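Below are the chains, spelled out letter by letter.
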Amino acid sequence: EPEVTQTPSHQVTQMGQEVILRCVPISNHLYFYWYRQILGQKVEFLVSFYNNEISEKSEIFDDQFSVERPDGSNFTLKIRSTKLEDSAMYFCASSEGHTGELFFGEGSRLTVL
Amino acid sequence: GNSVTQMEGPVTLSEEAFLTINCTYTATGYPSLFWYVQYPGEGLQLLLKATKADDKGSNKGFEATYRKETTSFHLEKGSVQVSDSAVYFCALSYNFNKFYFGSGTKLNVKP
């Protein structure tokens, strides 16, 4: 069964470093998303991406964040200069259309020291 | 604003017990409501949804009814199995693009 895959599963980084989280969405899906969950808190929307551009972003998704679909299969989230408060589980998701059914990866846990 | 609040876990039940996981929402309009489930080692996946008031979503023996008067979407199952052990997330969305999730409720079912 097709699935969304994310790498790395866990990354530890120093404050101020750049981090790239990678995702391979399901191949025929057109919509791509990043969500995150800080430990013990709600799962929060970061950004949605369609037709090679951001379709919607939250107030969390500031200039430190960027997304890219560099080669037609990967979908990446870059954090330019990480802060302690960026420590969270980051979930990538994709969907075929606007049906309400998102397919999520297992998540990438980011720890910023 | 828009938000979802769900009961804190973990919830521990014996096999064949009745399950209720409470979810209430705050919304500025008329969203669709969802339950997603995350099994161990997997990503979140859609369990069921309801798109308007009084709709009942159902799947795999789970049910939830969209109650506008109480702003609730409680998840129920009549007889849980060990394989239902997972984290359950309640969510709302207006455009099926941006979702507002709760913090998740972990369910442990013991044999």
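A quick note: this is a predicted structure, and the numbers were derived from the prediction, not measured. (Residues numbered from 1 in each chain as written. Chains lettered and ligands numbered in written order. Predicted model: local features only at pLDDT ≥ 70, side-chain atom pairs only at ≥ 80, totals over all residues. Heavy atoms only, no water.)

Comments concerning the sheet that holds strand S8 (residues 75–79) of chain A
Residues and elements named next belong to chain A.
- If you walk across this open sheet you meet the four strands as S1-S3-S8-S7, and the pairing is antiparallel. Both outer strands of the open sheet, strand S1 (5–7) and strand S7 (65–68), are each paired with one neighbouring strand and no more. Each adjacent strand pair in this sheet contributes to an overall mean axis angle of 15°, direction not counted.
- As defined by bridge partners, S7 adjoins S8 across four bridges and the pair is classed as antiparallel. Considered in S8, the bridge of phenylalanine 65 is made with isoleucine 79. (Pairing = 2+ DSSP bridges. Helix = DSSP H or I, 4+ residues; strand = E, 2+ residues; numbered from the N terminus. Axes fitted to C-alpha atoms, helices over the stretch in contact; angles between N-to-C directions.)

Quick notes on the packing of aromatic side chains
Residue and element names in this part refer to chain B.
- Summed over all chains, the structure comprises 20 aromatic pairs over all chains.
- Judged by centre distance (6.0 Å) and plane angle (85°), the ring pair of tyrosine 25 and tyrosine 66 falls under edge-to-face. One end of the pair, tyrosine 25, is in strand S4 (residues 23–26); the other, tyrosine 66, is in the loop between strand S8 (62–65) and strand S9 (75–77), and 41 residues separate them in sequence.
- Tyrosine 25 sits in the buried class, given a relative accessible area of 8%. (Phe/Tyr/Trp six-rings, centres within 6.5 Å; stacked < 30°, edge-to-face > 60°. Buried < 20%, exposed > 50% of the residue type's maximum accessible area, 1.4 Å probe, protein only.)

Comments concerning unusual backbone geometry
- Of the consecutive residues A:Thr7 and A:Pro8, the connecting peptide bond is found in the cis state with omega at -10°.
- Its location among the elements puts A:Pro8 in the loop between S1 and strand S2 (10–13).
- With omega at 0°, the peptide bond leading from B:Gly9 into B:Pro10 counts as cis.
- Mapped onto the elements, B:Pro10 comes out in the loop between strand S1 (3–6) and strand S2 (11–14).
- A positive phi angle, near 55°, is found at A:Asn51, a position not held by glycine.
- Within the secondary structure layout, A:Asn51 lies in the loop between strand S5 (43–50) and strand S6 (53–57).

A few points about the side chain of B:Ser85
Residues and elements named next belong to chain B.
- Its location among the elements puts serine 85 in the loop between S9 and strand S10 (86–93).
- With relative accessibility at 19%, the residue serine 85 sits in the buried group.
- A polar contact of 2.9 Å, which involves the side chain of serine 85, links it to the backbone oxygen of valine 82.
- Not counting chain neighbours up to four residues away, the residues in contact with serine 85 comprise Tyr39, Pro40, Leu107, Asn108 and Val109. (Polar contact = N/O pair within 3.5 Å; in protein donor to acceptor, adjacent residues only side chain to side chain. Contact = heavy atoms within 4.5 Å.)

Description of the state of the cysteines
- Going through the model one piece at a time under the given rule, you end up with two disulfides over all chains.
- Disulfide pairing places A:Cys23 opposite A:Cys92 at an S-S distance of 1.9 Å. The sign of the -65° torsion about the S-S bond sets the A:Cys23-A:Cys92 disulfide as left-handed. Residue A:Cys23 is found in strand S3 (residues 19–24), and its partner A:Cys92 is found in strand S9 (residues 88–95); the two are separated by 69 residues along the sequence.
- The exposure class of A:Cys23 is buried, given its relative accessible area of 1%.
- Look at A:Cys92 and you get buried, because its relative accessible area is 0%.
- A disulfide bridge connects B:Cys23 with B:Cys90, and the sulfur atoms are separated by 1.9 Å. Looking along the S-S bond of the B:Cys23-B:Cys90 disulfide, the torsion reads about -70°, which is the left-handed sense. Here the residue B:Cys23 occupies a position in strand S4, and B:Cys90 occupies one in strand S10, the gap between them amounting to 67 residues.
- Of the residues examined, B:Cys23 reaches a relative accessible area of 1% and is grouped as buried. (Disulfide = S-S within 2.5 Å.)

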